[in-house]
Amino acid sequence: MSGPTGVVVMAYGTPGGPGDVEAYYTHIRRGRPPTAEQLADLVRRYDAIGGTSPMAARTRAQVDAVAAALERDRPGGFVVTLGQKHAAPFVEDGVAGLARAGARSVVGLVLAPHYSASSVGQYHERAAAAAGAAGLPYARIDSWHLEPAFIDFQARAVRDALSGLPQRTKVLFTAHSLPEHALVDDPYPDQLRRSAEATADAVGLVPWAGWGLGWQSAGRTPEPWRGPDVLEILRDLAGTGRSDGALVVPQGFTSDHLEVLYDLDVEAAALAHELGLAFGRTRVVNDDPDVMAALAAVVRRTADGS
């Protein structure tokens, strides 16, 4: 079959503006509108970071960077679209755009380094179904948590952030918590540990005494979610006096968005200040050219079957 290889780059999605928050929240809740209190709380969080998230622009820049890297290496060989989980263009829209562009097959790349069946796996299920409906073969990239460019980026970010913090600063690698039932036999926790270890080794951090794993942004549901939460860890650090500061590395996130800009930069930072801890947060990938070029290389290898 002739034609370019299609690439659907997938992300979570975010409201386009304040007026879109309710519809976005309803979509996340699988069609169940939020209560007035739930909606007000989410709007309050967006207001705290300026009314809307920069994630849409950041995601588009990431997609453009991956597409540019693919075009440089193989002119005309790839066509790239965006597909999102909870906001237009949806995953299915992205795959449909590839079919219209004459793609001969589809490679799926999720802008999340670590695989979980209940997150990255769901993106691939939707993309594969859409590709199948269009008669296109589908190849999936499940994870890229140990890509050298990603680890190098995080190591540089940790070194830079630590330079402005006390010597006794604990480095906390965080990612989005998931319900415990979703983590049974799931690779997500192990992949998070392995990418944190690789980054800590590159920086030269002492295992566990100098760094640890934490979780954040757990859903507000009655079921148990994986912890300890980063806020709990901050309280423990202050209570035991083991650290004078904390540096959070949001390794599970690749874009500036609500879980970084509010949950860490506002909520966690305020708690650390209250507890008397110095606080820092490393920069996230966004459209870092080295990481985006590495992702393009992963796409090429996947397309070529290697």
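Described below are features of the structure shown in this document.

**Side note on the overall build of the protein chain**
Argument step 1. When helices and strands are tallied, the protein chain shows eleven helices and eight strands.
Argument step 2. In terms of C-alpha radius of gyration, the protein chain reaches 20 Å, essentially the compact-globule figure of 19 Å for 306 residues.
Argument step 3. The principal-axis extents of the C-alpha atoms in the protein chain amount to approximately 65 × 45 × 35 Å.
Argument step 4. Considering the protein chain as a whole, with its 306 residues, one finds that 51% of them fall into the buried category.
Argument step 5. When the accessible area of the protein chain is evaluated, it comes to approximately 13200 Å², of which 53% is carbon and sulfur surface.
Argument step 6. Here the protein chain contributes 28 positive and 36 negative side-chain charges, whose respective centroids are spaced 2 Å apart.

**Regarding the packing of aromatic side chains**
Argument step 1. Under the criterion given, the structure shown has three aromatic pairs.
Argument step 2. When the ring of F173 is compared with that of W211, the centres are 5.6 Å apart and the planes differ by 90 degrees; the resulting orientation is edge-to-face. You can see F173 sitting in strand β5 (residues 169–176) and its partner W211 sitting in strand β6 (residues 211–216), a full 38 residues away along the chain. Note on accessibility: F173 and W211 belong to one class, buried.
Argument step 3. Taking NZ or CZ as reference, K85 lies 5.5 Å from the ring centre of Y123, over its face.
Argument step 4. The ring centre of F153 lies 5.5 Å from the NZ or CZ of R283, which sits over that ring.

**Things to note about the side chain of D288**
Argument step 1. Among the secondary structure elements, D288 is positioned in the loop between β8 (278–281) and α11 (289–304).
Argument step 2. For D288, which is buried and forms no salt bridge, the nearest opposite charge comes from R156, at a distance of 4.1 Å.
Argument step 3. One polar contact links the side chain of D288 to the main-chain amide nitrogen of D290, over a distance of 3.2 Å.
Argument step 4. A polar contact of 3.0 Å, which involves the side chain of D288, links it to the backbone nitrogen of V291.

**What about the packing of helix α4 (residues 91–100) against helix α5 (residues 120–133)?**
Argument step 1. One can describe the packing of α4 onto α5 by two numbers: an axis separation of 9 Å at closest approach and a directional angle of 35 degrees. As for the relative orientation of α4 and α5, their crossing is right-handed in sense. Contacts from V91, E92 and V95 of α4 reach α5 at Y123, R126, A127, A130 and A131.
Argument step 2. Residue composition of the contact of α4 with α5, grouped by class: six nonpolar, no polar and two charged.

About the criteria used
Residues numbered from 1 in each chain as written. Predicted model: local features only at pLDDT ≥ 70, side-chain atom pairs only at ≥ 80, totals over all residues. Heavy atoms only, no water. Helix = DSSP H or I, 4+ residues; strand = E, 2+ residues; numbered from the N terminus. Rg over C-alpha atoms; globule rule 2.2 N^0.38 Å. Buried < 20%, exposed > 50% of the residue type's maximum accessible area, 1.4 Å probe, protein only. Areas by Shrake-Rupley, 256 points an atom, 1.4 Å probe, with all protein chains shown as cover. Lys, Arg positive; Asp, Glu negative; His and termini not counted. Charge placed at Lys NZ, Arg CZ, Asp CG, Glu CD. Phe/Tyr/Trp six-rings, centres within 6.5 Å; stacked < 30°, edge-to-face > 60°. Lys NZ or Arg CZ within 6 Å of the ring centre and 35° of its normal. Salt bridge = Lys/Arg side-chain N within 4 Å of Asp/Glu carboxyl O. Polar contact = N/O pair within 3.5 Å; in protein donor to acceptor, adjacent residues only side chain to side chain. Axes fitted to C-alpha atoms, helices over the stretch in contact; angles between N-to-C directions. Left-handed = near helix turned anticlockwise from the far one by under 90°. Contact = heavy atoms within 4.5 Å. Nonpolar A, V, L, I, M, F, W, Y, C, P; charged D, E, K, R; others polar.

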